[in-house]
Amino acid sequence: MYIKSLELDNYRNYKELKMEFDKNTNILYGDNAQGKTNILESIYVCGTTKSHRTNKDKELISFETDESHIRLNIDKDSVAYKIDMHIKKNKPKGIAVNGVPLKKASDLYGIVNCIFFSPEDLYIIKSGPAERRKYIDIIISQLDKLYLDDLINYNRVIDNRNKLLKDIQFDYSLRETLDVWDMQLCEYGKRIIEKRDEFIKKIRPIAVEIHSRITGGDEKLDIEYEPNVEKINIEEDLFLNRERDLVNKTTSVGPHRDDMLLTINDVDIRKFGSQGQQRTSALTLKLSEIELVKKSINTMPVLLLDDVLSELDSKRQTALLESMDNIQMIITCTGLDEFVKNRFNLDKIYKVEAGSVTEESSPVHV
Ligand code: ATP
Ligand code: MG
């Protein structure tokens with residue numbers, strides 16, 4: 001798929017923006033704080049309904065205004081889709097696809113397939129398990145709508161169960177209602193465990209191959225699912241830990257405690273990886289995502305690269321850009337030097353300055 005055009009009204013530092021994209025490589029360059037990331041963010045919001053930077057929709061609305069619009073035109077297997085998003089200050093956002101309003105925001109998942117890569121993706125590797133679960137969940141949700149429903153339901157069950165664990169200390173008779181939540185926890189939890197397990201099995205061989213390629217065979221990456229509990233044991237473990245949960249007033253068993261193990265040459269890089277190894281592994285995970293989306297739904301996702309190239313040495317830059325055939329990329333950077341130096345073809349170049357965007361007349365084809 002590719003993005004044809006984007007329109008923004010009162011979105012972050014854009015009062016009004018209309019721009020078109022090329023099917024291949026698009027560059028947004030400009031000084032710091034001019035609005036480059038804001039453009040990528042607005043596209044990502046159309047893909048996942050949420051910003052990568054915040055959970056609060058109202059932060060997306062320009063200061064001193066009350067509502068904001070994003071309009072995105074895409075082409076997916078020669079079918080045109082128009083996504084209209086209306087973000088409001090104190091109300092849920094309204095979304096329409098080809099003029100038809102969606103009942104819930106999560107119905108938008110799967111239409112705009114995009115992959116966002118920013119320097120913060122390093123945190124997938126080096127932060128806690130929550131970041132890794134988020135990485136897994138976002139990808140599976142884009143490929144499988146039912147997964148997202150299960151996840152939303154599961155999280156609701158965990159919230160309710162934790163609240164109940166707190167309430168039971170004041171009213172012991174409430175204890176019986178725990179069974180109801182436990183049954184639902186197991187139902188949704190099992191499906192989540194199963195799909196995460198399948199996902200890791202699928203992405204593992206792809207990631208192993210890509211990582212070996214971009215490190216010239218120097219590093220052997222491996223990925224493993226670390227479920228908090230096996231699917232077949234979830235009922236029993238939940239029951240066995242009930243007393244402990246009542247004491248701690250929190251649910252200790254279930255996929256909300258899952259993790260993903262990443263090793264390079266058998267060393268756990270979550271804890272012991274160098275900065276460069278962690279960065280390269282994050283890149284590997286993102287590139288694997290492209291392959292996986294392509295394999296699963298037969299569509300090339302759009303790659304949004306925010307300020308990433310300058311973080312990589314030229315060997316890894318080249319490996320990244322060479323593996324990107326036939327894919328739309330929207331790349332932000334502060335200057336054009338690195339691209340010219342790497343003899344990389346640019347199809348559309350935009351200069352971003354204080355919330356306005358101008359197309360440079362002659363693309364640099366080297
Ligand atoms: P950098 O190179 O430093 O990453 P950038 O070009 O990617 O810069 P953006 O992150 O897109 O910059 O942000 C540009 C500007 O948007 C910032 O100056 C910020 O103050 C402004 N901004 C952020 N949110 C809002 C908002 N809700 N309303 C108005 N302006 C905003
Ligand atoms: Mg930025």
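Everything that follows concerns the structure shown earlier in this document.
Here we summarise the structure given alongside this text. Keep in mind that this is a model prediction, so the values were computed, not measured.

1. Topic: the sheet that holds strand β14 (residues 348-353)
Right, so step 1: Taken together, the 6 strands give an open sheet; going across it, the order is β8-β12-β13-β3-β14-β15, and neighbouring strands pair in mixed fashion. In the strand order of this sheet, the two ends are held by β8 (114-117) and β15 (356-359), each with one partner. With direction set aside, neighbouring strand axes in the sheet form an average angle of 20°.
Right, so step 2: Alignment of strand β3 (residues 25-29) against β14, held across 4 bridges, turns out to be parallel.

2. Examining the packing of aromatic side chains
Right, so step 1: Taken as a whole and assessed by the stated rule, the structure comprises 2 aromatic pairs.
Right, so step 2: Plain terms: the ring middles of Tyr44 and Phe116 are 5.4 Å apart, the flat faces sit at 75° to each other, and that makes the pair edge-to-face. Highlighted residues: Tyr44 in helix α1 (residues 36-48) and Phe116 in strand β8, separated in sequence by 72 residues.
Right, so step 3: We classify Tyr44 as buried; its relative accessible area is 9%.
Right, so step 4: Given a relative accessible area of 5%, Phe116 falls into the buried group.

3. A short note on the pattern of salt bridges
Right, so step 1: If you walk through the whole model with that rule in mind, you get 34 salt bridges.
Right, so step 2: The partner of Asp182 in a salt bridge is Arg161, and the shortest N-O contact between them spans 2.5 Å. Of this pair, Asp182 sits in helix α5 (residues 178-214) while Arg161 is found in helix α4 (residues 145-168), placing the two residues 21 residues apart along the sequence. This pair shows no difference in class: Asp182 is buried, exactly as Arg161 is.
Right, so step 3: Salt-bridge contacts for Lys190 lead to Glu235; the nearest nitrogen and oxygen are separated by 3.1 Å. Of this pair, Lys190 sits in helix α5 while Glu235 sits in helix α6 (residues 234-240), and the two are 45 residues apart along the sequence.
Right, so step 4: Exposure remark for Lys190: the relative accessible area of 27% places this residue in the partly exposed category.
Right, so step 5: Its relative accessible area of 42% is what places Glu235 among the partly exposed residues.
Right, so step 6: The structure contains a network of salt bridges with shared partners spanning Arg132, Glu226, Asp259, Asp268, Arg270 and Lys271.

4. Here's the deal with the environment of Phe21
Right, so step 1: In this structure, Phe21 sits in the loop between β2 (14-20) and β3.
Right, so step 2: C-alpha of Phe21 to C-alpha of Arg191: the two residues are 170 residues apart in sequence and 39 Å apart in space.

5. What about empty space enclosed by the protein?
Right, so step 1: Under the counting rule described, the total for this entry stands at 2 cavities of 30 Å³ or more.
Right, so step 2: Approximately 70 Å³ is the volume attributed to the largest cavity.
Right, so step 3: Taken together, Phe117, Ser118, Pro119, Asp121, Leu122, Arg279, Ala282, Val308, Glu311 and Leu312 make up the lining of the largest cavity.
Right, so step 4: Here the lining of the largest cavity spans two domains, since at least three of its residues come from each of domain 1 (1-113 + 299-366) and domain 2 (120-298).
Right, so step 5: Space inside the second largest cavity adds up to approximately 40 Å³.
Right, so step 6: Asn113, Cys114, Ile115, Ile139, Gln142, Glu289, Val293 and Pro301 are the residues that line the second largest cavity.

6. Thoughts on the environment of Lys88
Right, so step 1: By the secondary structure assignment, Lys88 is in strand β5 (residues 79-88).
Right, so step 2: With a relative accessible area of 23%, Lys88 lands in the partly exposed category.
Right, so step 3: Setting aside its immediate chain neighbours within four residues, Lys88 contacts Ile61, Asp66 and Gly94.

7. Side note on the sheet that holds strand β11 (residues 267-268)
Right, so step 1: Reading across the sheet, the 3 strands line up as β9-β10-β11 and stay open at both edges, with antiparallel pairing between neighbours. Each edge of the open sheet carries a strand with a single partner, namely β9 (221-226) and β11.
Right, so step 2: Of the pairings in the sheet, the one linking β9 to strand β10 (residues 259-264) comprises 6 bridges and is antiparallel in character. Bridging from a neighbouring strand, Ile223 pairs with Leu262 of β10.

So, how was this worked out
- Residues numbered from 1 in each chain as written.
- Chains lettered and ligands numbered in written order.
- Predicted model: local features only at pLDDT ≥ 70, side-chain atom pairs only at ≥ 80, totals over all residues.
- Heavy atoms only, no water.
- Pairing = 2+ DSSP bridges.
- Helix = DSSP H or I, 4+ residues; strand = E, 2+ residues; numbered from the N terminus.
- Axes fitted to C-alpha atoms, helices over the stretch in contact; angles between N-to-C directions.
- Phe/Tyr/Trp six-rings, centres within 6.5 Å; stacked < 30°, edge-to-face > 60°.
- Buried < 20%, exposed > 50% of the residue type's maximum accessible area, 1.4 Å probe, protein only.
- Salt bridge = Lys/Arg side-chain N within 4 Å of Asp/Glu carboxyl O.
- 1 Å grid on protein atoms, 1.4 Å probe; cavity = no way out; pocket = protein on both sides within 12 Å on 5 of 7 lines; lining within 4 Å.
- Points joined across faces, edges and corners; volume = space filled by probe spheres on them.
- Domains from an automatic or database assignment.
- Contact = heavy atoms within 4.5 Å.

Keep in mind these values describe shape, not function.
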